[in-house]
Structures are given as structure tokens and as C-alpha cells.
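# Coordinates in review
Spelled out, the chains give:
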Amino acid sequence: MRVFSIDDGSFRLDGAEFRVLSGALHYFRVHPEQWGHRLAMLRAMGLNTVETYVPWNLHEPSPGEFRRLEELGAFLDAAAAEGLLAIVRPGPYICAEWDNGGLPAWLTGRPRTSDPEYLAHVDRYLDQVLPPVTERQITRGGNVIMVQVENEYGSYGTDHAYLRHLADGLVARGVEVPLFTSDGAADHYLTGGTIPGVLATVNFGSEPEQAFAALRAHRPDDPLFCMEFWCGWFDHWGQEHVTRDPRDAADTLERILAAGASVNVYMAHGGSNPGTRAGANRAGDQPDGAWRPTVTSYDYDAPIDERGAPTEKFWLFREVLSRYTEDLPDVPETPPLLPPATLNPAGTVPLRQAMDVLARPEVVSPVPPTFEELGLEHGLVLYRTTVPGPREPHPLTLREVRDRAHVYVDGRLAAVVERDADDRPQPVAGGFATVEVLVESMGRTNYGPLLGERKGLLGGVLHRLQYLHGYAVRALPLEDVSGLTFEPGTAGEPPAFFLTTLEVAEPADTFLALPGWGKGYVWINGVLLGRYWDRGPQRTLYVPAPLLRAGTNEIVHLELDRAGSALELRETPDLGA
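Let us look at the structure shown here. (Residues numbered from 1 in each chain as written. Predicted model: local features only at pLDDT ≥ 70, side-chain atom pairs only at ≥ 80, totals over all residues. Heavy atoms only, no water.)

### A look at the layout of surface pockets
Counted as a void, the largest pocket has a volume near 1100 Å³. Lining the largest pocket are 50 residues; nearest its centre among them are Leu58, Arg68, Pro274, Gly275 and Arg277. When residues of the lining of the largest pocket are traced back to their parent elements, those giving at least two are helix H1 (35-45), helix H2 (56-59), strand S30 (527-533) and strand S31 (540-543). In terms of residue count, S30 provides more of the lining of the largest pocket than any other element does, three residues in total. Residue composition of the lining of the largest pocket, grouped by class: 22 nonpolar, 15 polar and 13 charged. Taken as a whole, the second largest pocket holds about 720 Å³ of empty space. (1 Å grid on protein atoms, 1.4 Å probe; cavity = no way out; pocket = protein on both sides within 12 Å on 5 of 7 lines; lining within 4 Å. Points joined across faces, edges and corners; volume = space filled by probe spheres on them. Helix = DSSP H or I, 4+ residues; strand = E, 2+ residues; numbered from the N terminus. Nonpolar A, V, L, I, M, F, W, Y, C, P; charged D, E, K, R; others polar.)

What follows is the structure, encoded as C-alpha cells:
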């Protein structure tokens, strides 16, 4: 039996002093067939451990319905095969720039507190997700050395009874390895997010000396550990692409290690936000300001880029880590790329026609139901109502759109209304007009006090000062578009689905660009790859080789705004200047 422990202010592995050199790599952001290569890249950079979150909303999409639990265990086994130890952060809240911070959209009760209704859901989740972790603890012959209690709770609240319930619940379910919390390096974070008997760690991107001094002031006997060394950052739609100077990041890593601390590089390899899983943030210190949805890429300006290639930051980190690691393995070869190509769509089907195949049965309601009330996590909802008459034309006001709406009056596009827009259009409609509002959801806020937001046509529709009532509603999930039948040609106007075929001799990675197109979603052989938007900064979508097959491949994309003429395969990503 192997033992990982904390003794005399230091970590010990099988009795010998041990420094944790970890890197974040989320199994749910990387195709399983690529885990081995990415984990080998971590080892080659000089790391001995991998860290991963566990997203609750991925594994329990509706109450009591669990899926894909086998992936966590398989990932931990893949890490062990590459000689890596593992740190697991099961939440229930994870942040991670993931939709709703990993909390399910259906969640009831008062999240992230000791509210009994909420805790009942948490306990059911932990019952299911922990066995793959406890079975693989180092004390039982596996590679898991640490398990986190919640995540950055000091940034949110002070309910220590909640943290104690979680910690006690982890132990009761068989966790034997050290538990830990992770928080920002300031008094209010560390007093709100820590509990006695559980290791405290800190998260930061710079000034490690100050951060560790704050940790020491609160936990003089705990080993120094930066659980999230932010070596890069993430991007929001409509904002600038964020990068960090590699030499500055390497200098900070050197200073962390020179202090005698352990470290978890966040992110070592970011991967992608698959499908509709990207979250959102709110501006401001609170943060409760403007809503900013996160892009599909989670490259994070990490040392290992989105397709698994080493960057300048990788080589500088490897140089630093080589002074603390023996026998660095060779760096694996980067997987090949498809050659550049221009692809022309060959078929189309209007969204209205597609809804007859893909949408759920119509629901009638006096007021617009939310996505959550419709049982829809993400996708599109078409709300249809009528202006009673006879009456004069008046402006239509959508009081609160979450998150983007195409407004049609008598079948014609009258306006596109966006959440938090400074100048929101007010289309005009008179009596007897049919008003349709097609609402698209994007990421839920994943950090701060405004978690758990609803999606849809919140606040209803006003005609002048009067609410319109009586809605026929159709919800369109985006997970499966296999039932579509495409007509030859691409003369249809958006919103519409388009079909493009791609012939491949041998599958390889590629980057897909949609120049001239507006906003929408892409599926590769039936798998929802993610969102695209000409607003940027991201201009290409990473297509991992395992999504392709030798022979004919199908690319389907749903364009909501503006049709282009072609798609392009490129050899380099465009994540913004």
C-alpha cells in the first residue's frame, strides 16, 4: 500500500519528501482518444501529476439520470498509464469557465449553502461520482493523491457548515487521501473558504511571495501549494484575445518553486469547450456587471495548445521544471494536420422546416416559459404570440432576453435583440400581427453571486405598455440533428442548416473557418463541435482527428444571421490578434 501524506509541513510519498508538480487537464475538454498524447505531454513538460475537475451538469443532466461516469475512471487510468499521479476536484461547483460553474441548470434549493434541499441533490451526486475516485486512490493501489472540497468557496460565501458537510461526506464515502480547499490569496477568501483539518491552498497568477505570505498567515503549518497557477487566460466573445508573455509566466513558475511550494499549472492543456458547455462571466469587482459569454476554444494560452502542440511557454516551463524533475521523457510528436481546403456547402434546409423534425411538441402558455421550465438546457426556443386588434402600431419591447433573439413580425425579420446591448431595437407591430421570437441561449454565468440564471424570454413582451399573453412555444435541442433531410443547393436564407461533405484519406486534426458567415453552430459527423461567431476573437474551430473518418464526412452548420459561400480547412488556429 502506498501512502501520500502531510507531515511536518511537507508532503510525503511513501515516507519520502515529495513535491507535487501538477498540471490541469480536464478529461471532458479533450477527446478520449487524445488523452494519452496530452498526458504524455504533461510528463514531458516535467510534471508528475495531473489535475481535473468533475462537472456535475455533464454527469447528471436531469435529476437522478446519470451518464458518462465511466469517463472519469478511464481518464484516471490513462494518467496512471503515463506515470502520473492525480488530483480530483469533484465540486459540486467547479467554475472552470464551464456552463453554470458545473451546477446543473435544473438545480433547486439554495446552491452552495447548507440548504437541505440542495444538499440532498449534492449527496446523490457524490454517491455516484466518487466510486471511480475512491477505487483509484493511492492507498488502494491507484494514483489519486488529493481530493478537493468545493472550489474557491471563499470567493462566494461563508457557510462553513456547508463545507463541513462536504468534507465529512467525502470521508464517509471512502476518501482516504488528503482533502484540500483552494481560494484566492487574501484574508476574506481564506477565512470564508477554509475549514479546520482540511489543507488550504491558494490560486494566483503572479506575485507568489505575497500569496504565500497570506497563506502562511492563516495556515503556518500547511505545505505551500499554489493549486491554480494561472499561466494564461480565457476569452469572451466580442472581447480581445488574451495572452501572457511566456517568459513572465516562466519566471513566476520559477519563483513558486524557489519558495519550496508545490504547484498546479492552470491550464497545462486547456482543450475546448464542447457543444454548448462554455460558460460566461460578469464584469466588475462584484462581479455583477455586463454578461460576457466564453468562446468555444479553451486554449487558455496554455503551454500545450488546443491541438496538443508545444508552445514557447511549454519549452520555457520544461526548462524550469527540469531542475526539479529527474529523467524528463522525450516530447511526443504533434499529431498531423489535414491539408488546407475550401469546401462548398451542397445542401440546406430552413430552420422552420427543420423544427418540424427536431423540435419538441408545442407547448401553450399564457407567458413565455423559460428554457428550464421546458426542460431544455441549451438550444433554441421559438415563442409565437399575436397582437390583439384592431389597434394602432406600437413598439414591441423584449424586457429581458437571455441571450439573443430574432424577432419576426408577420414572418419578416424585424430586429435582432441582444442581452445587455446598449441600444436595443424596438420593432413595431399593429393589431392582429403575429409576433415570433426565436431565442438562442449561450453560456450561463459560472462565477460570482449570479449563478443559476434562467434562459429564455424573461420578462415577457410588451406592446407599448401592455404585456402580450398567450404563447405557442417550441423548444429545439441541438444535441442531435441526424434526422434532417437536406435539399440540394444553398439558396435558402438564414436561419438555416447547411450540409457540407469532406473527403478524408486518413483522419487528422484541422481548424475549420467559416469566413463570411455570421453566427451559429457546427456538427462534425453528428457531434456538436461548438459555437462560431464573426464577432470574434475566435475565428476557427479546432476539429480533433477522432471526430473524422476515412472517406466521406458530414459537416452540418446552423447559420442564424448571414450566409457565406464556403468553409475552409486551415493549418493554423485563429483565436484573435
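### Concerning the environment of Gln466
As for its position among the elements, Gln466 is in strand S24 (residues 466-467). Gln466 sits in the partly exposed class, given a relative accessible area of 39%. In this structure the C-alpha to C-alpha distance between Gln466 and Leu396, which are 70 residues apart in sequence, comes to 9.6 Å. Within the local environment of Gln466, its side chain forms a polar contact with the side chain of Arg391, the two groups lying 2.9 Å apart. (Buried < 20%, exposed > 50% of the residue type's maximum accessible area, 1.4 Å probe, protein only. Polar contact = N/O pair within 3.5 Å; in protein donor to acceptor, adjacent residues only side chain to side chain.)

### Remarks on the side chain of Glu228
The residue Glu228 is located in strand S10 (residues 225-230) in this model. Here Arg89 takes part through its side chain, which lies 2.8 Å from a polar atom of the side chain of Glu228. In this structure the side chain of Glu228 is engaged in a polar contact, spanning 2.8 Å, whose partner is the side chain of Trp230. Not counting residues up to four positions away in its chain, the partners in contact with Glu228 are Tyr53, Arg89, Asn151, Glu152, Val202, Asn203, Phe204, Asn264 and Tyr266. (Contact = heavy atoms within 4.5 Å.)

### With respect to the packing of aromatic side chains
Counting across every chain of the model gives 27 aromatic pairs. With centroids separated by 6.2 Å and ring planes inclined at 90°, the aromatic side chains of Phe4 and Phe18 adopt a geometry described as edge-to-face. Of the two residues, Phe4 is situated in strand S1 (residues 4-7) and Phe18 in the loop between strand S3 (16-17) and strand S4 (21-24); the sequence distance between them amounts to 14 residues. Accessibility classification places Phe4 together with Phe18 in one group, the buried group. Arranged with centres 6.4 Å apart and planes meeting at 40°, the rings of Phe234 and Tyr300 form a pair that is tilted. Taken together, the positions of Phe234 in the loop between S10 and helix H9 (246-258) and Tyr300 in the loop between strand S13 (291-293) and helix H10 (312-321) put the pair 66 residues apart, joining distant regions of the chain. Residue classification places Tyr300 among the buried residues on the basis of a relative accessible area of 3%. Ring pairs connect the aromatic residues Tyr53, Trp230, Trp233, Phe234, Tyr266, Tyr298 and Tyr300, which therefore count as one cluster. Between Arg29 and the ring centre of Tyr298, over which it is positioned, the NZ or CZ distance is 3.7 Å. (Phe/Tyr/Trp six-rings, centres within 6.5 Å; stacked < 30°, edge-to-face > 60°. Lys NZ or Arg CZ within 6 Å of the ring centre and 35° of its normal.)

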